[in-house]
Amino acid sequence: MSEPAILVEALSKRFGDLAALDGIDLQVEEGTIFGLLGPNGAGKTTAVRVLATILAPDGGRAEVLGRDVVREPAAVRRRIGLAGQYAAVDPNLTGRENLRMVGVLGQLPRAAIAPRAAELLERFSLSDAADRPLRTYSGGMRRRLDIAASLVPKPPVLFLDEPTTGLDLTSRNELWDMIRELVDEGTTVLLTTQYLEEADQLAERVAVIDGGLVIANDTPERLKADLGDTVVEMDFADEALAGRALALLEGDGLGSVEHEHRTVRVSSNRGAHVLVDVLRRFDGDGVEPDTLSVREPSLDDVFMALTGHKAVSDEIDEGEAR
Amino acid sequence: MSAETVATRTQVALDRHIPMGVARDTVAIVQRNLIAYRRVPQLLVFSTIQPVIFVVMFRYVFGGAIQASLPPSVPYVDYLMPGIFLQTVVFGAIATAIGLATDVKSGLMERFHALPMARSAVLSGRTLADTVRNVFVVALMMTVGFLVGWRIHTDVLGLLAGAGLVLLFGFSMSWIFATVGLAVGDPETAQAASFPVLAPLVFASSAFVPVETMPTWLQGFAAHQPVSVTASAVRALTLGGPAAADVLASIAWSIGLIAVFGTIAVRLYRRAV
Ligand SMILES: Nc1ncnc2c1ncn2[C@@H]1O[C@H](COP(=O)(O)OP(=O)(O)O)[C@@H](O)[C@H]1O
Ligand SMILES: [Mg+2]
């Protein structure tokens, strides 16, 4: 097997008394998408900043394509692209001017810059807006331009810090497709996210981090199967009916069943199949819930299972906006 | 030979190469900052309206009173204008603080840190762009001065040398305010933090009134601080009289400030993300 594109060993970073990274190990194979999954404050951005040579680590080591981030930062910078958590673009420049600036600063040969900018604007559906100042762009357009900017120097390794946070569903799906295309072309992507679904959709491998520690490192399928359950929750007209439902659902095969007043909850690691089974058992017995909801395993469930505490993922996020 | 091998070889070659792009990177940052002045003219208006108001106020409102403390051969407007030029570049340097703080806050600084660019370009590109802006603003204020009766008693060389001193001094102010901007990392705070730094520099100086009219406890500071020294130098160059001592003192102040605050600003930049 070839040397990993990203190698992280016992990496630590402290801010005063706080261990933002408390000794993490990661390996990302070349040409794959690696997901770093964790709630706010887990240490995702800190990890990306260390890998992108922005922050110096306090301990351990990190290499990108065999180059040490501390000893050879210039070499690392020539091999990476970074799209940070907040769209880092100049609002007074047009889309094209932003990309050209990054082309110059990314040390592209002069003649290559304009064609590269045009190509990326086209690819990210920004050609029409290319010559408008960024102040006039929507949030989704800015985010796309930010990612386009990180791609100008054709970096073989790309870091995306929460690339879809704040995007609507359409923009998110478009961005997912673009990320997949990049990887098809051979780029290695490390992306951070707070959403299990996103990691599941994109990544070949996922590390779950919490409090600066990697608490799981696996394929998304295994993580979900081991840790997250699909939950079917039903409310019934009265407790008697809920009791009858419970009787029908209990017994082997279905997963764990809980009952509380008029509510019955079935948890199973068999994904959506569990819903079909539940309805099949009710069929013919006249047991019908008033309401029914299906909840896919979430990051919270993964955290519950892994750490026994809930993921504290309040969206408001102070110091980080800097 | 596959495309991949070529790419790898290019990269290896680049790794050995010392980036020759310092000038190219700096020019790119200067351009980007100047575009902002063109697209957001409020930034320029902010730094010109105020000095124009000061010209009108001091020339026509306070000028008569202040004239009494000047030699009769020096009309107050000729004394005032060098002070106005300095006020303009000192206040204008707030834009350096605000601009850098904005880049820190927006995350653009983070992008710059992760690019294989010259580390010095972000700061020098900012301070040089603000110097280019000063060229325009000082030229504009000279025009305003001529319109209200300002006259050169020496020659065009004296005028150009005086303008050079003002621009050099403005450049040193940009480094002070670069430090302020990086230290606070937030544009609103940068603006608020800048005023207490520049108010004593501009007002406790000989920019608008002779130092001899001030209380004795203030005169020591007011006579030797860099705004006064530079104002005296520019006056000597435009009114005539011995200029060398003040010119040298002004240059020394500017270079000293650039050295000290340039060092601090570069340190702050390294860890300002
Ligand atoms: N520059 C900093 N100074 C002090 N503390 C910081 C700094 N950056 C991050 N932290 C803290 O480190 C922890 C990890 O932060 P971060 O890596 O941003 O998490 P995430 O990106 O997963 O939300 C948080 O508790 C955060 O408050
Ligand atoms: Mg983060």
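Structure report, in brief. (Residues numbered from 1 in each chain as written. Chains lettered and ligands numbered in written order. Predicted model: local features only at pLDDT ≥ 70, side-chain atom pairs only at ≥ 80, totals over all residues. Heavy atoms only, no water.)

1. Re the overall build of chain A
Rule in force here: Strands here are runs of E lasting at least two residues and helices are runs of H or I lasting at least four, both read from the DSSP assignment and numbered beginning at the N terminus. Residue exposure (1.4 Å probe, protein chains only): buried if accessible area is under 20% of the type maximum, exposed if over 50%, otherwise partly exposed. In what follows, residue pairs with any heavy atoms lying within 4.5 Å of each other are defined as contacts. Accessible surface area values rest on a Shrake-Rupley calculation with a 1.4 Å probe, where residue burial reflects the displayed protein chains alone. Charge counting follows a simple rule: Lys and Arg are positive, Asp and Glu are negative, and His as well as the terminal groups are ignored. Think of each charge as sitting on NZ of Lys, CZ of Arg, CG of Asp or CD of Glu.
A tally of regular secondary structure across chain A gives 11 helices and 14 strands. Taken over 322 residues, chain A has a buried fraction of 52%. When contacts within chain A are restricted to residue pairs at least 6 apart in sequence, long-range pairs at least 24 apart make up 68% of them. Surface accessibility of chain A: about 14,100 Å² in total, with carbon and sulfur atoms responsible for 49%. Here chain A carries 35 positive and 56 negative side-chain charges, and the mean point of each set is 8 Å from the other.

2. Overview of the nonpolar core
This is how the line gets drawn: Here, nonpolar core refers to any group of buried Ala, Val, Leu, Ile, Met, Phe, Trp, Tyr and Cys residues whose side-chain atoms link them within 4.5 Å.
The biggest cluster of nonpolar side chains holds 71 residues, and the ones touching the most others in it are Leu99(A), Phe112(B) and Leu182(B). In this structure, Ile66(B), Met142(B), Val180(B) and Phe208(B) belong to the second largest nonpolar core, which totals 52 residues.

3. Side note on the interface of chain A and chain B
Threshold: Take the accessible area each of two parts loses on contact, using a 1.4 Å probe, and add the two losses: that sum is the buried area. Only one rule defines a salt bridge in this text: a Lys or Arg side-chain nitrogen within 4 Å of an Asp or Glu carboxyl oxygen. Definition of a polar contact: a pair of N or O atoms within 3.5 Å, with one able to donate and the other able to accept a hydrogen when the atoms are protein atoms, and with sequence-neighbouring residues admitted only if both atoms are side-chain atoms.
Contacts between the two partners involve 39 residues from chain A and, on the opposite side, 28 residues from chain B. Summed over both sides, the interface of chain A with chain B buries roughly 3,100 Å², with 53% coming from carbon and sulfur. In this assembly, chain A and chain B are joined by four salt bridges. A salt bridge links Glu110(B) to Arg49(A), with the nearest nitrogen and oxygen atoms 2.9 Å apart. At the boundary of chain A and chain B, one finds 11 residue pairs in polar contact (both at pLDDT 80 or more). Secondary-structure elements contributing two or more residues to the side of chain A that touches chain B are helix H2 (73–77), strand E6 (80–83), helix H3 (95–105), helix H4 (110–123) and helix H5 (139–151) of chain A. Ranked by residue count, the leading element in the side of chain A that touches chain B is H3(A), at five residues.

4. Considering a nonpolar patch on the surface
Residues and elements named next belong to chain B. Put simply, the rule is: Residues enter patches when they are more than 30% accessible in relative terms and free of salt bridges; like-charged ones are connected within 9 Å and nonpolar ones (Val, Leu, Ile, Met, Phe, Trp, Tyr) within 5 Å.
Taken together, the side chains of Val-56, Tyr-60, Val-61 and Phe-62 present a nonpolar region at the surface, about 400 Å² in accessible area. Mapped onto the secondary structure, Val-61 falls in helix H3 (residues 42–67). Given the relative accessible area of 57%, Val-61 is considered exposed.

5. Some points on the pattern of salt bridges
Residues and elements named next belong to chain A. Tallied over the entire structure, the rule returns 25 salt bridges over all chains. Notably, a salt bridge pairs Arg-265 with Glu-233, separated by 2.8 Å at the nearest N-O pair. Highlighted residues: Arg-265 in strand E13 (residues 263–268) and Glu-233 in strand E11 (residues 230–235), separated in sequence by 32 residues. You can call Glu-233 partly exposed: its relative accessible area is 30%. Arg-265 sits in the partly exposed class, given a relative accessible area of 22%. Through salt bridges with shared partners, one network takes in Glu-233, Glu-258, Glu-260 and Arg-265.

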